[in-house]
Amino acid sequence: QFPFGRRLPCDIYWHGVSFHDNNIFSGQVNKFPGMMETVRKITLSRAMRTMQDLFPLEYNFYPRSWILPEELPLFVAEVRMMKDSNPSWKPTFIVKPDGGCQGDGIYLIKDPSDIRLTGSIQSRPAVVQEYICKPLLVDKLKFDIRLYVLLKSLEPLEIYIAKDGLSRFCTEPYQEPTLKNLHQVFMHLTNYSLNIHSGNFIHSDSVNTGSKRTFSSILCRLSSRGADVKKLWSDIISLVIKTIIALTPELKVYYQSDIPAGKPGPTCFQILGFDILLMKNLKPILLEVNANPSMRIEHEQELSPGVYENVPSPVDEEVKVAVIRDTLRLVDPQKKKKKDTQAMWLTEHPGDEYFCVCTKGMKDKQHKHHSLKLSLKLKFYLKLDSCQSVEVSEELPDTAPGPEAALPSLCLKQVFPKYAKQFSYLRLVDRVAALFIRFLGVKGTTKLGPTGFRTFIRNCKLSNSNFSMAAVDILYIDITRRWNSMGIDHKESGMCLQAFVEAFFCLAQRKYKSRPLHDQVASLIELCECRLAALHGKRLV
């Protein structure tokens, strides 16, 4: 246990919530800096909107969204305009607090006037989205899918998707939203943490029945009805890759801030939880991305009033054990050194949920051991109990077999760079982020100052008689002031990446009129990259 971190190096560090240790100089960490901030509902919605502006057809899997309170007038105006143009349109909207989780604070509305404005929106910003009124139903129940995605590397981008996931069911038969049933959360919200409190929730030992099932069992059922399951998987893979592509620019800014290039530091990987809803026509819709998906493989069962015990959940165990096992296999630093037959051991500080996975030896075997044992099926001879203390088994054989011996085939399927050719054209904002990072100047910062912005304009030769440096300053001030007023991040002053992207789009539209936006942006990126390369060449000479 390392309540204050660990001085000696480890191969793998397993943080519970977020990347929070600046004293790690090597090895691998299971969290990316800034991931929690990047997948928050507002930040995710902004990133997806940027991609929808560039590629509307490719990103139509994310519901139309408005950010509250800043876009409330826009939301009201757009809904009124759509209703005027189509009087038969009777929409439903879902309001989600930005920092909410497990269904906390979510509610449905029929009209913008129903938004609860009594102070909470100001103190607790939210996203309002079009509600999907025609979901796919199984046994007359609405459900969503939790898929586990491993982001193994940011540069180069490497993405894996688990071949199975969880299907989490509502506990009341679904009906399309009406004013009478809007408040029936067990009918409309699929969150496990809500539905477990329903009297209709069914814990099942089978992966095919109950209120939580494997996604593969749903696919089998759909296949038996003649559905094109291969196309569905292809659409889900496309959704995951496109979503990660939308998130990577922001992640790279955080990464260079916490782990500057040229300085010793760890590499990162992270397991993400993608929440996906299937429409009646089997089109997948992204609901949200979870930076810290629950990896519990048991649930609480009430034995008597107020007395609970932890009971194993076969569905969770089947899916989650495989995800953790194969993540460790993929990032295993000893993969190429199989001559070493050292066993791995885990340590955790319960308060910080901080693990280190080491192959440095077998010291400190005498940890406290309790009755509940969770086998990670790693063949690394570990026992992990309910209090998160660890024991290295005393029953190690004289010659430990290799970790890969007798393990099942990988449940994690690589989708990127495997399908990179099909999706690389979408990575425009990645290239804009590379320009942004190049001109940040001070290492460890995430915001661009006015001098850095002017240097970017000057080095890329973007000013002229029609666009003077005074106009450049006005553009910087206007956009930066507006973004800072939204309360994005007041820790440091300057232009954040999202503000820079907006400024870059303005410059592209100014320079390349009457073209589609993605053409304008791509042309300006190429121009900037070409001029910076020429400038670099001159400096080398």
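Please read these numbers as outputs of a predicted model, since none were measured by experiment.

Basis of the calculations
- The written sequence of each chain sets the order in which its residues are numbered from 1.
- For a predicted model such as this one, the threshold for reporting local features is a pLDDT of at least 70, and the threshold for listing and counting side-chain atom pairs is 80 or more; totals across whole chains, interfaces and linings nevertheless cover every residue.
- Calculated side-chain values reflect all of the structure's heavy atoms, with hydrogen atoms and water omitted.
- Paired strands, in this sense, are two strands between which DSSP finds at least two bridges.
- Put simply, DSSP marks the helices as runs of H or I at least four residues long and the strands as runs of E at least two long, and each gets a number from the N terminus on.
- Here the axes come from fitting lines to C-alpha atoms, over the contacting stretch only for helices, and the angles between their N-to-C directions go from 0 to 180 degrees.
- Only buried Ala, Val, Leu, Ile, Met, Phe, Trp, Tyr and Cys residues count toward a nonpolar core, and they belong to the same one when joined by side-chain atoms within 4.5 Å.
- Here's how the labels work: a residue is buried when its accessible area is under 20% of the maximum for its type, exposed when over 50%, partly exposed in between, all with a 1.4 Å probe on protein chains only.
- Start and end positions for the domains come from either an automated domain assignment or a database one.
- The contact criterion used throughout is that any non-hydrogen atoms of two residues lie within 4.5 Å.
- Classification of ring pairs uses Phe, Tyr and Trp, with its six-membered ring standing for Trp, and accepts pairs whose centres are within 6.5 Å; under 30 degrees between planes counts as stacked, over 60 as edge-to-face, and the remaining range as tilted.
- Note: pLDDT gives the predictor's confidence per residue, expressed from 0 to 100.
- Geometric relationships in this document are graded by angle, where less than 35 degrees denotes roughly parallel, more than 145 denotes roughly antiparallel, 65 to 115 denotes roughly perpendicular, and other angles denote oblique.
- Nonpolar residues are Ala, Val, Leu, Ile, Met, Phe, Trp, Tyr, Cys and Pro. Charged residues are Asp, Glu, Lys and Arg, and all others, Gly as well, are polar.

Student: For the sheet that holds strand β5 (residues 107-109), give the residues involved together with the corresponding values.
Tutor: Here 4 strands make up an open sheet; going across it, the order is β3-β6-β4-β5 and the pairing antiparallel. This sheet does not close on itself; its edge strands, each paired only once, are β3 (65-68) and β5. On average, each strand axis in the sheet is tilted by 25° relative to the strand beside it, whichever way the strands run. Note: β3 against strand β6 (residues 126-130), 4 bridges, orientation antiparallel. What sits directly across from Ile67, in β6, is Val127.

Student: Requested: an account of the nonpolar core, with residues and values cited.
Tutor: Counting residues in each nonpolar core, the largest one holds 103 residues, and the members touching the most others are Phe274, Phe453, Phe456, Phe504 and Val521. Sorting elements by how many residues they give to this core places helix α8 (residues 229-258) first, with 14 residues. When residues are assigned to domains, this core turns out to be shared by domain 1 (35-63 + 132-301 + 309-333) and domain 2 (427-538), each giving three or more. Setting aside residues up to four positions removed in sequence, Phe456 forms contacts with Leu435, Phe439, Leu462, Phe500, Phe504, Leu507 and Cys528. With 20 residues, the next largest nonpolar core counts Ala162, Leu166, Ile324 and Leu330 among its residues.

Student: Any details on the packing of aromatic side chains? Residues and values, ideally.
Tutor: Ring pairs (aromatic) are described by centroid distance and by the angle formed between their planes. Tallied over the full model, the rule gives 19 aromatic pairs. Ring centres of Phe75 and Phe93 lie 5.0 Å apart, and the angle between their planes is 90°; this geometry places the pair in the edge-to-face category. Here Phe75 is found in helix α3 (residues 72-85), whereas its partner Phe93 is found in strand β4 (residues 93-97), with 18 residues between them in sequence. Given the relative accessible area of 0%, Phe75 is considered buried. Residues Phe453 and Tyr476 carry aromatic rings whose centres are separated by 5.6 Å and whose planes lie at 40° to one another, so their mutual orientation is tilted. Here the residue Phe453 occupies a position in helix α12 (residues 450-459), and Tyr476 occupies one in helix α13 (residues 469-485), the gap between them amounting to 23 residues. With relative accessibility at 7%, the residue Tyr476 sits in the buried group. Members of the aromatic cluster, each reached through a chain of ring pairs, are Phe436, Phe439, Phe453, Phe456, Tyr476, Phe500 and Phe504.

Student: I'd like a rundown of α12, residues and numbers included.
Tutor: Looking at α12, one finds that the buried residues are Gly452, Phe453, Phe456, Ile457 and Asn459. Where the residues of α12 are buried, they touch α11 (428-438), α13, α14 (497-511) and α15 (517-540). Of the residues flanking the end of α12, it is Lys461, one or two places downstream, whose phi is positive at about 55°.

Student: Which residues make up the confidence of the model for the protein, and what values go with them?
Tutor: Close inspection of predicted coordinates is inappropriate in any region flagged by low pLDDT. Confidence in the prediction for the protein averages 83 pLDDT; 82% of positions are at 70 or higher. Contacts from residues 339-400, a stretch scored under 50 in pLDDT, to residues over four places away or in other chains number 129 contacts.

Student: Account for the packing of α14 against α15, with residues named and values stated.
Tutor: In a pair of packed helices, the angle between the axes and the distance between the axes together describe the arrangement. Viewed as axis vectors pointing N to C, α14 and α15 meet at an angle of 100°, and their least axial separation amounts to 8 Å. With respect to α15, the axis of α14 lies roughly perpendicular. Side by side, α14 and α15 meet where Phe504, Phe505, Leu507, Ala508, Gln509 and Lys511 of the first sit next to Leu517, Gln520, Val521, Leu524, Ile525, Leu527 and Cys528 of the second. Looking at the contact of α14 with α15, its residues break down into 10 nonpolar, 2 polar and 1 charged.

Student: Provide a residue-level description of the environment of Glu309, including the pertinent values.
Tutor: Examined against the element boundaries, Glu309 turns out to sit in strand β16 (residues 307-312). With a relative accessible area of 37%, Glu309 lands in the partly exposed category. As a C-alpha pair, Glu309 and Glu298 span 11 residues in sequence and 9.6 Å in three-dimensional space. Each residue touching Glu309, except ones within four places of it in the same chain, is listed here: His299, Glu300, Gln301 and Leu303.

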